[in-house]
Each structure stands twice: as structure tokens, then as C-alpha cells.
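# Architecture and fold: a report
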Amino acid sequence: MKKGLIKKFRAYYSNHGQINIPGLDKDDKPIEKQTDWVWFDRETIEEALKRADADGKVGGLKMYFGQYDKETISMIPADRPEREEYIGRISLVLVPTNKTEDGLQEIGDAKDSGDSEEEEEDAFNGGLLCPPNC
């Protein structure tokens, strides 16, 4: 996933979903029925967990809420059926995280990513959403 997009994905949620303003769909109309669930395949979850603590005792996943818009929909593979139906919908980003004496430490820099969109970061997105995949 490219840097900067997670920051924008989370900001859209903070400015709409978190304060209960409906997201706008691909036609700029308010979403009438928001996301019910998000599904990630086992391979994605296991890969995310591998990047956290290797012995499995302090590693886990922090899950951030975010909301797609017309820019951040680019995080979803172009060949995903009904991809444009994700615009305006809430989803999750999985971030490998270790529990330390100082608190939760994210692996990589997913939380504080800059505006550069050139490099990949240690976060996982792209779960199937319901709707439209119900």
C-alpha cells in the first residue's frame, strides 16, 4: 500500500464516518447503508502478523477505521468486482504492532505516513466489504 493514502483514508473517516456524516458514493450521493462487515483472507492476516513480533508473544494487529473516497479507492485492486461501490464506505486497515513497555509500537510508519505515495508501507488494506459483497 502506498504512503499517504492510509493517512487520507483515515482522515476521510474522521471527517465523515466518525462524526456520523454519510460518505459520498461514486455519484457524490450520500451512502444510505454503511459497511456491515469487512473480510480479510487468512494469507493477508498471517502476512500482517509475521511482520509483528516473530515469537508471537507481543505481536498483534492494530485496526484503523477509514473511509474510501474517489482518491483512496486506488488502494483497492482495479480488477475487484464492484470496486467503485466502495467509495464512501468505511473499512479497516491492519497494521502490525508490538506491545512494548512503552505501549503499542507500530511496525513501519503506517500511522505517521507522509504525503509521499511512492513507497509501500507496512499496512494491509483491501478486505471485502458488505455491501456490496454480501
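Just so you know, these numbers come straight off a predicted model, no measurement behind them.

## A short note on the nonpolar core
Core analysis: the largest hydrophobic core is formed by 14 residues, its most contacted members being Tyr68, Ile73, Tyr86 and Val93. Mapped onto this core, the elements with two or more residues apiece are helix H1 (5-15) and strand S3 (90-100). Considering each element in turn, this core owes the most residues, 3 residues, to H1. Those residues in contact with Val93, other than ones at most four positions away along the chain, are Ile6, Phe9, Lys62, Met63, Tyr64, Ala123, Phe124 and Asn125. Listed in part, the 5 residues of the second largest apolar core include Phe40, Ala48, Leu94 and Phe124.

## So, the confidence of the model for the protein chain
Of all residues in the protein chain, 87% have pLDDT values of 70 or greater, and the mean over the chain is 85. No element of the protein chain has a lower mean pLDDT than H1, which averages 85, and none a higher one than strand S1 (residues 37-39), which averages 95. Note that residues 110-119 has pLDDT below 50 and, in this model, 26 contacts with residues that lie over four places away or in other chains.

## Here we look at the state of the cysteines
What the rule picks out here adds up to 1 disulfide. Residue Cys130 pairs covalently with Cys134 via a disulfide, S to S 1.9 Å. What sets the handedness of the Cys130 and Cys134 disulfide is the S-S torsion sign, and at about 105° it is right-handed.

## A word on the sheet that holds strand S2 (residues 59-67)
Taking strand neighbours across the sheet as the criterion, the 3 strands line up as S2-S3-S4 in an open arrangement whose pairing is antiparallel. Each edge of the sheet is formed by a strand with only one pairing partner; in this case those strands are S2 and strand S4 (103-106). Geometrically, the sheet is characterised by an average inter-axis angle of 45° between neighbouring strands, direction not taken into account. Alignment of S2 against S3, held across 9 bridges, turns out to be antiparallel. Note on S3: the bridge partner recorded for Leu61 is Pro96. Contacting S2 and S3, H1 runs over the sheet at an angle of about 60° to S2. On the sheet, helix H2 (residues 42-50) packs against S2 and S3 and is oriented at approximately 120° with respect to S2.

## What about H1?
When H1 is considered as a whole, its buried residues turn out to be Leu5, Ile6, Phe9, Tyr12 and Tyr13. Considered in projection along H1, the buried side chains sweep an arc of 125° and stay on one side of the axis. Where H1 is buried, its residues contact S2 and S3.

Conventions and cut-offs
Residues numbered from 1 in each chain as written. Predicted model: local features only at pLDDT ≥ 70, side-chain atom pairs only at ≥ 80, totals over all residues. Heavy atoms only, no water. Core = buried A, V, L, I, M, F, W, Y, C linked by side-chain atoms within 4.5 Å. Buried < 20%, exposed > 50% of the residue type's maximum accessible area, 1.4 Å probe, protein only. Helix = DSSP H or I, 4+ residues; strand = E, 2+ residues; numbered from the N terminus. Contact = heavy atoms within 4.5 Å. pLDDT = per-residue confidence, 0-100. Disulfide = S-S within 2.5 Å. Pairing = 2+ DSSP bridges. Axes fitted to C-alpha atoms, helices over the stretch in contact; angles between N-to-C directions. Arc of directions from axis to C-beta.

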